[in-house]
Structure formats: C-alpha cells, structure tokens
Amino acid sequence: MPLDLRVVFDVPTIITPIQDIQGGRYWHRGLKNGLRENYNNKSGASRVEIDIHFDEVPLFVFPRKVVAWTITGRVQDPQVVQTEPFSIGLYVGEKRPTKMEEFLTPFVTEAKQMDEEQIAINGAAVKIRGFNSDATALCLVKETVDHHSQMACHKCTVVAHSKGKRMAYPMQPAEARTNEMFRQLRYGNHHLHEDVGELGNQERVPKRSALLNLTQIDMVEDFMVGDEDHLLHAGLMRKLLFHFVEGNGSNVRAMKKTTLCNLNARLQEVELPCECSPRRFPELTTDLCSWSLNRHHFGHLLKWAMNPAAIAKPERQKREVTKNRFSVRS
C-alpha cells in the first residue's frame, strides 16, 4: 500500500518557484521540462524544430481584471501530422509586464543554454524554428514601436502615412530589414527608446530586446507577421460588418432595418466563450462601435456565421462552445 497520498496522485516532488517581477508574478515551467513531458519522439527523429508563441490572455477575476501572458511551444516533427502545444512560462498580473526583459529572461537563458550545449530531448536535438505571435505581442517582445506607428513594418523600412484615423503604406518598394542591422539597433524610430543616465544628463537610446541574446535566431526572418486576429477578425470582418450596417456609400448598401433587427436578435442568443467579456455580442444597432474594443467578437461572429446549423433554425437554441467551436443543440 502507498505510504503517502502523493504516490497515488503522482504529485511532482520538484516545484518550480514563482517569481515576483514588475507588474505581477511569473512561473517558469521550462522549455526542457515541457519537451520531456509532451514530446516522446516516437518517430525517432534526430532533430526537431519548435515554434514559440507569446500571447496575452485577458482574465476576469471579480472585482478586478487580471492579465495573463503565456509562453508556449509546439514541436514541428515531419513524421507527426499534428503535435500538441505545451506551456513554457506564465505571467499573471493586473497589467502586462512592466519590463519585458524580466518576463523573457528565464526562457532566453534556458534556450541559449540548450543551443550552446547541444542538449537533446528524448534523443532529438532541438532548434527554434520561429516565433508566431499577434501584432501587439510581437512589438512588445522585440521592443519595437506599436503596429499602428509609421515605422512599424517588421520586414522593410517603408514609412506609413496618416489617412484619417488609420495608417496607410505606400505601394512602392522599400529596403528590406536585415538581422545584422536590427541587432545593431540601427533602425531609428522602429525601435522603442528609453532614457539612460543621471537625471538632467539623460540620453535616449534604443531598447534592447532580451531575444537579442539568442544568437541562433534571425530577428527579422524568424518572426511571423500578419496574424489572423488583426487581418481577418479585427480587419476584414470588422470592415464588412460596418459596411453591412451603415453602408459604404458606393457598392455596398446598408441592410434593411428589419433584416438588421432579425440578425441582431439571433446574435443575442449566442453565448460566447469565457475569454470574451461580455459573453454576448454587443447590439448591432446601438453598440457597433464597442465591437472594435474586443477583437474576439469579430472572430466568433465569423465562426458562428459559418456554422450551418446555427443559421438553419430560426427558433431560440441552446449553444455551447467546445474547443473554440460552436455546437448547436435543440
């Protein structure tokens, strides 16, 4: 018989400590631990690549809002069709990390050690293939200007121009950014700046990203741009919705009032996943502008509209969300 309940429940004997960093608290599971526990290398590969993902997850813990920042990884094994993502680190606080360097340092230190010592996990050498994050997280981890700025493009030196409330990029060739120039922080206003030195004798210098310590990655080519949220959901879907409701004055007419009211009534019956707040779609007729505050609304509207069962039945239905997909029950 087991002498302790921990034997039955297989409680880990080594607990990773939680660190206090500026803005909140950080728990680092570890890149090596995540790979050992989630990748068994059944295919016998001698070398595998992993994708790293940074993302912000809004959590609502009454009575205040809590923000979580995650670092996750996913193995890209040519012999395996699809692998499951695994956690590497988790930050929780009332706001995003004040210093991204503190948030990234545990991951960067471990990844650098694995590369220098050629550490193999379950018989396979590991290499970071790239980073895929949304536009906001990408700018933060690279310490570059916000994606709405004039010199925000991560691939070339094109300069955007203000057009109303938006930034428009000219349709003309521009010089491509390079890894060497980025590492030397020579792209001027593309980098974030900070004041260093004593008060009264300060100098503004570009901020260095903690990811620059990973010499094996390309700071330009290894970062994906053009994420689904900002291009499809908060981009195309948002624009179409405004055209359907208000019209664009040329080739798209606004929907009839009766059609709009019927669509709005159907949308109010849909219960959204827990990451959306509120859990209901805002009113199309009165709260359309508030949709732009939550990009999840546009993404879930597209998923709901592509569900034939949700459109086929006009009567009120109970809907539940499973793995971010809408399933309909009568």
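Counting starts from 1 at the beginning of each chain's written sequence and moves along it residue by residue. At least 70 in pLDDT is required for a residue's local features to be given in this predicted model, at least 80 for side-chain atom pairs to be given and counted, and no such filter applies to totals for whole chains, interfaces and linings, which use all residues. By convention in this description, side-chain values take in all heavy atoms of the structure and omit both hydrogens and water.

Draft legend 1. Local environment of the overall build of the protein chain. Secondary structure elements are taken from DSSP: a helix is a run of H or I of four residues or more, a strand is a run of E of two residues or more, and numbering for both begins at the N terminus. Helices and strands together make up the secondary structure of the protein chain, namely nine helices and 13 strands. Of all 330 residues assigned to the protein chain, the portion counted as buried reaches 37%. Residue pairs at least 24 apart in sequence account for 56% of intrachain contacts in the protein chain once pairs closer than 6 positions are excluded. Note on areas: these come from Shrake-Rupley sampling with a 1.4 Å probe, and a residue is covered only by the protein chains present in the view. A total accessible area of about 20200 Å² is found for the protein chain, and carbon and sulfur atoms account for 53% of it. Exposed residues in this analysis have more than 50% of their type's maximum accessible area, buried residues have under 20%, and partly exposed residues fall in between, with area computed by a 1.4 Å probe over protein chains only. Only heavy atoms enter the contact rule, under which two residues are in contact if any of them lie within 4.5 Å.

Draft legend 2. Region of the structure containing the nonpolar core. We define the nonpolar core as a collection of buried residues of types Ala, Val, Leu, Ile, Met, Phe, Trp, Tyr and Cys that are connected through side-chain atoms lying within 4.5 Å of one another. The biggest cluster of nonpolar side chains holds 45 residues, and the ones touching the most others in it are F54, F107, F131 and L211. Those elements that place two or more of their residues in this core are α2 (31–38), β3 (47–61), β4 (64–76), β5 (86–93), α3 (100–117), β7 (124–131) and α4 (135–142). Apart from residues no more than four positions distant in its own chain, L211 is found in contact with F54, L104, F107, V108, F131, V141, I217, M219 and F223.

Draft legend 3. Representation of the packing of aromatic side chains in the model. Pairing of aromatic rings covers Phe, Tyr and Trp, the last through its six-membered ring, and needs centres within 6.5 Å; plane angles under 30 degrees mean stacked, over 60 mean edge-to-face, and all others mean tilted. As enumerated under the stated definition, the model contains six aromatic pairs in all. Relative to F131, the ring of F54 lies with its centre 5.9 Å away and its plane at 10 degrees, an arrangement referred to as stacked. Here F54, found in strand β3, pairs with F131, found in strand β7; they are 77 residues apart in sequence, far enough to count as distant. According to the relative accessible area criterion, F131 is buried, its value standing at 2%. Between F131 and F223, the ring centres sit 4.7 Å apart and the planes meet at 10 degrees, which makes this aromatic pair stacked. One end of the pair, F131, is in strand β7; the other, F223, is in the loop between β11 (203–206) and α6 (228–246), with 92 residues separating them in the sequence.

Draft legend 4. Fine view of a nonpolar patch on the surface. A cluster of nonpolar side chains, L231, L232, L236, L240 and F244, forms an exposed patch at the surface whose accessible area comes to about 420 Å². With respect to the helices and strands, F244 occurs in helix α6. When its relative accessible area of 38% is taken as the criterion, F244 is described as partly exposed. Candidates for patches are residues over 30% relative accessible area with no salt bridge; among them, like charges are joined within 9 Å and nonpolar side chains (Val, Leu, Ile, Met, Phe, Trp, Tyr) within 5 Å. Whenever Lys or Arg places a side-chain nitrogen within 4 Å of a carboxyl oxygen from Asp or Glu, that contact is recorded as a salt bridge.

Draft legend 5. Broad picture of the environment of G73. Mapped onto the elements, G73 comes out in strand β4. Assessed through its relative accessible area of 2%, G73 is described here as buried. Each residue touching G73, except ones within four places of it in the same chain, is listed here: D51, I52, E84, P85, F86 and I88.

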